[in-house]
Amino acid sequence: MKILKTIEELQEVTSSNKTKTTGFVPTMGALHDGHISLIKQARNENEVVVVSIFVNPTQFLPGEDLDAYPRRDEADKKICEMCKVDYLFMPDISTMYTEEEVLIKAPNNSYVLEGKTRPGHFDGVLQVVLKLFNLVQPTRAYFGKKDAQQLTLIQQMVKNLFLPIEIVPCEIVREKDGLALSSRNVYLDETQRKDALLISKALYSAASLVGKSELKASALKEKMQEVMQTLDVEYIAVVDRNFNEIEKIELKNSIILVVARFGNTRLLDNIWL
Ligand code: PAF
């Protein structure tokens, strides 16, 4: 595996691999089994695999956990080696951004849910993802369904800007007890970790109601609220795959999303129905 730090190094790799299929997994590091599953899928489906690790400052709001965000470069390098990554791109902030830069504006549907709580977050996400796409020029790029709104906005950006990239949505990876994997799970203390299980429990109970033909969003939310009554739930939302709120589940076109707070830590989870 080759570690690349500069734009020039990455561009050289991109142009020398022009005739090969390239799978790209952009990350902010602190790699866990969720990232590993994305990398493995990229490895299976492409001739060349590029992973990036960059804690992108423009997607953090003032007061968020940019400085505290877990950084585990050495462990991450070993994980990438083990997953047979060909190139690991680890740029500095000054490599990725000039001082005065106009941020991309994410579309209006980025200002609901996550984008409402974290205004501007998706502008930063799309900015860095577009820069990385331009540099890597991948055949396919892999994103987890856990960040459902991010995934949707990236799919829309690729479509709107005619980028010749296939976006591959990947299933959420969970601990055995149901907790969705996230780099932010390390912030949870023992009690919070235990309480957090109610999130997936609530999602499963909603899915089970849907299995019994209860499609009304209000009934599903009520059930989930009951399961999570001891939690500080920020929102429960039932949306279609374009992130429009819906009153009734449309099978194969719906997502139920939850965000709950545990102290300063926000955990996101969802289920695609
Ligand atoms: O999902 C993430 O880890 C980040 O938002 C991404 C896509 C790597 C952009 O910084």
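The rules behind the values
- Just so you know, the residues in each chain are numbered from 1, in the order the chain's sequence is written.
- Given that the model is predicted, a residue must reach a pLDDT of at least 70 before its local features are reported, and side-chain atom pairs must reach 80 or more before they are shown or counted; all residues, however, enter totals for whole chains, interfaces and linings.
- With hydrogens and water stripped out, all remaining heavy atoms of the structure feed into the side-chain values.
- At least two DSSP bridges between two strands are required for those strands to pair.
- Secondary structure follows DSSP: runs of H or I at least 4 residues long count as helices, runs of E at least 2 residues long count as strands, and numbering of each begins at the N terminus.
- Fitted lines through C-alpha atoms serve as axes, helices being fitted only where they are in contact, and the angles separating the N-to-C directions of these axes extend from 0 to 180 degrees.
- Any residue with an atom within 4 Å of a point lines the site, the site being either a cavity, points on a 1 Å grid over the protein atoms alone where a 1.4 Å probe fits but cannot get out, or a pocket, an open set with protein on both sides within 12 Å along at least 5 of 7 lines.
- Grid points are joined across faces, edges and corners, and a volume is the space filled by probe spheres set on the points.
- The nearness test applies per residue and asks whether one of its heavy atoms lies within 4 Å of the molecule or strand.
- N or O atoms within 3.5 Å of each other form a polar contact, as long as, within protein, one can give a hydrogen and the other can take it, and as long as residues adjacent in sequence are counted only when both atoms are side-chain atoms.
- Note on areas: these come from Shrake-Rupley sampling with a 1.4 Å probe, and a residue is covered only by the protein chains present in the view.
- Residues were grouped as follows: Ala, Val, Leu, Ile, Met, Phe, Trp, Tyr, Cys and Pro as nonpolar; Asp, Glu, Lys and Arg as charged; and all remaining residues, including Gly, as polar.
- Multiplying 1.5 Å by the residue count of a helix minus one yields the expected span of that helix.
- For every residue, the accessible area (1.4 Å probe, protein chains only) is compared with the maximum for its type, and the residue is labelled buried under 20%, exposed over 50%, or partly exposed between those bounds.
- For this document, the term salt bridge refers to a Lys or Arg side-chain nitrogen within 4 Å of an Asp or Glu carboxyl oxygen.

Asker: So, the sheet that holds strand β9 (residues 265–272): which residues are in play, and what are the values?
Answerer: With antiparallel pairing, three strands are arranged side by side in an open sheet as β7-β8-β9. Single-partner strands in this sheet number two, and they are β7 (232–240) and β9. Shown here is a sheet whose adjacent strand axes are inclined to one another by a mean of 15 degrees, direction ignored. Bridging between strand β8 (residues 254–262) and β9 involves eight bridges; their strand directions are antiparallel. Looking at the pairing, L257 lines up with N270 of β9.

Asker: Break down empty space enclosed by the protein for me, citing the residues and quoting the values.
Answerer: Here the structure, examined in full by the defined rule, presents three cavities of 30 Å³ or more. What the largest cavity holds in volume is close to 850 Å³. Residue lining of the largest cavity: 48 residues in total, with H35, Y69, K146, D147 and Q150 positioned closest to the centre. Secondary structure elements with two or more residues in the lining of the largest cavity: β2 (22–27), α2 (33–45), α6 (121–136), β5 (140–144), α7 (148–160), β8 and β9. Residue contributions to the lining of the largest cavity peak at six residues, all from α6.

Asker: I'd like a description of the sheet that holds strand β1 (residues 2–4), backed by residues and values.
Answerer: Pairing in this open sheet of six strands is parallel, and the strands run β1-β4-β3-β2-β5-β6 from one edge to the other. Only two strands of the sheet have a single neighbouring strand rather than two, namely β1 and β6 (166–170). Mean inter-strand twist for the sheet, computed between neighbouring axes without regard to direction, equals 25 degrees. Relative to strand β3 (residues 48–53), β2 is paired through six bridges, and the arrangement is parallel.

Asker: Which residues make up the site of the ligand, and what are the values?
Answerer: Around the ligand, the neighbouring residues are P26, T27, M28, N56, Q59, V128, V129, F143, D147 and Q150. Q59 places a side-chain nitrogen or oxygen 2.6 Å from an oxygen atom of the ligand. In the environment of the ligand, an oxygen atom lies 2.7 Å from a nitrogen or oxygen atom belonging to the side chain of Q150. For the ligand, the protein covers 89% of the area, taking 290 Å² as the surface of the free molecule. Elements that contribute at least two residues to the shell around the ligand include exactly β2 and α6. Here the residues of the shell around the ligand sort into five nonpolar, four polar and one charged.

Asker: Help me get a handle on α6, residues and values and all.
Answerer: Residues separated by three or four positions in an α-helix point in the same direction, a consequence of the helix having 3.6 residues per turn. Over its 16 residues, α6 runs 23 Å from end to end, which matches the ideal 22 Å to within 8%, given 1.5 Å per residue. Judged by how many residues are buried, α6 sits mostly within the fold: 14 of 16 residues are covered.

Asker: Quick rundown of the pattern of salt bridges? Include the residues and the values.
Answerer: When their charged atoms lie close together, side chains carrying opposite charge are able to pair. In the structure shown here, the tally under the stated rule is 15 salt bridges. Of the charged contacts, one joins D177 and R193 as a salt bridge, the two residues approaching to 3.0 Å between their closest N and O atoms. One end of the pair, D177, is in the loop between β6 and α8 (190–195); the other, R193, is in helix α8, and 16 residues separate them in sequence. According to the relative accessible area criterion, D177 is partly exposed, its value standing at 38%. Residue classification places R193 among the partly exposed residues on the basis of a relative accessible area of 24%. For E234, the salt bridge identified is with R266, shortest N-O distance 2.8 Å. Residue E234 is located in strand β7, and its partner R266 is located in strand β9; the two are separated by 32 residues in the primary sequence.

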